[in-house]
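# Descriptive structure summary
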Amino acid sequence: MVRRPLLWVLIYLLLAGLLARLAPFEHNLGANARLVYFHGAWVWVAMLAFAAAALSGLAGLLTRRPALHEWSRALGRTGLCFWISFLPMSLLVMQASWNGLYLSEPRFRIPLNLAIAGLLLQLGLACLPQITWTSLGNILFAGLLFLGMRDIQSVLHPDSPILNSNARDIQLFFLGLLALLLLAAWQSARVWQAWQLRPRMAPK
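What this report covers is the structure whose coordinates are included nearby. Quick caveat, the model's predicted, so the values are computed rather than measured.

The rules behind these values
- Residues numbered from 1 in each chain as written.
- Predicted model: local features only at pLDDT ≥ 70, side-chain atom pairs only at ≥ 80, totals over all residues.
- Heavy atoms only, no water.
- Helix = DSSP H or I, 4+ residues; strand = E, 2+ residues; numbered from the N terminus.
- Buried < 20%, exposed > 50% of the residue type's maximum accessible area, 1.4 Å probe, protein only.
- Contact = heavy atoms within 4.5 Å.
- Phe/Tyr/Trp six-rings, centres within 6.5 Å; stacked < 30°, edge-to-face > 60°.
- Core = buried A, V, L, I, M, F, W, Y, C linked by side-chain atoms within 4.5 Å.
- Axes fitted to C-alpha atoms, helices over the stretch in contact; angles between N-to-C directions.
- Parallel < 35°, antiparallel > 145°, perpendicular 65-115°, else oblique.
- Nonpolar A, V, L, I, M, F, W, Y, C, P; charged D, E, K, R; others polar.
- Patch = residues over 30% accessible without salt bridge, like charges linked within 9 Å, V, L, I, M, F, W, Y side chains within 5 Å.
- Areas by Shrake-Rupley, 256 points an atom, 1.4 Å probe, with all protein chains shown as cover.
- Salt bridge = Lys/Arg side-chain N within 4 Å of Asp/Glu carboxyl O.

A few words now on the overall build of the protein chain. When helices and strands are tallied, the protein chain shows six helices and zero strands. Out of the 204 residues in the protein chain, the part that is buried amounts to 42%. For the protein chain, restricting intrachain contacts to residue pairs at least 6 apart in sequence, the fraction spanning at least 24 positions comes to 77%.

Right, let's talk about the packing of aromatic side chains for a bit. One pass over the full model with this rule turns up eight aromatic pairs. Within the aromatic cluster, the residues linked to one another by ring pairs are F50, W83, F86 and F141.

This next bit is on the nonpolar core. F38, W42, W83, L145, L177 and L181 are the most contacted members of the largest nonpolar core, which totals 35 residues. Of all the elements in the fold, those that place two or more residues in this core are α1 (3-21), α2 (33-63), α3 (66-98), α4 (106-126), α5 (132-150) and α6 (168-201). No other element matches α2, which puts ten residues into this core. Setting aside residues no more than four positions away along its own chain, F38 makes contact with A16, G17, A20, M89, L177 and L181.

The next thing to look at is the packing of α4 against α5. Helix-helix packing is described using two parameters, namely the angle between the two axes and the distance between the axes. Following both chains from N to C, one finds α4 and α5 inclined at 175 degrees, their axes separated by 11 Å at the closest point. Taken together, the axes of α4 and α5 lie roughly antiparallel to each other. Counting all contacts with α4, which are made through I110, P111, L114, A117, G118, L121, Q122 and L125, the residues of α5 involved are W133, T134, G137, N138, F141, L144, L145, G148 and M149. Residues that form the contact of α4 with α5 fall into these classes: eleven nonpolar, six polar and no charged.

With that settled, consider the environment of Q130. Mapping Q130 onto the fold places it in the loop between α4 and α5. Residues Q130 and H69, 61 residues apart in the sequence, show an inter-C-alpha distance of 9.9 Å.

Residue placement: T78 occurs in helix α3. Among the residues examined, T78 registers a relative accessible area of 0% and is labelled buried. Separated by 114 residues in sequence, T78 and W192 have C-alpha atoms that sit 7.6 Å apart. With residues near it in sequence (within four places) discarded, T78 still touches A185, S188, A189 and W192.

A contiguous nonpolar patch, built from I84, L112, I116, L119, L120 and L123 and spanning about 510 Å² of accessible area, is present on the exposed surface. Considering every element that reaches the nonpolar patch, the biggest residue donor is α4, with five residues. Topologically, L112 is positioned in helix α4. By relative accessible area, which is 31% here, L112 ends up partly exposed.

Structure representation (structure tokens):
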């Protein structure tokens, strides 16, 4: 059950990488813009996965359906994987765009703190027998993440360079990347879900 969605994760990531290679240049960033597009779409996918985990968890708490709690756990772990892997990508973008690393940049420092908190949370939730705690934890973490990112200040990082761009081709390429990475995230959640169900399905 795990192999097929995992294969699709790799396929969608490969397609997203190929699309990024075809993305148009930006007059200030040049070819580095392709990495910026990919990096931006990647972090949006992480945030959307956390939001989906919170919504699934809330639905599970309201309806008391265990399957929704399981999807909340799978989506929360997916969001965390994308969020943590976004951090080294940020370092590459810094080096390519600014010719150096500025680790005090709030748009790196705050996401790093959130990644540490999210990892500790998921490890703690994995040790609890009641899966409803996972849904509650995902709801609280998603609220913390969106609250922390809402009014985040920038020093060198531009504010929403894609959304504020007037170039339609850049925005279309970004939406294409976002769609492919969302599909990869969905398949990643399916991997986590299948992995969670394996012990139940094992023969006695």
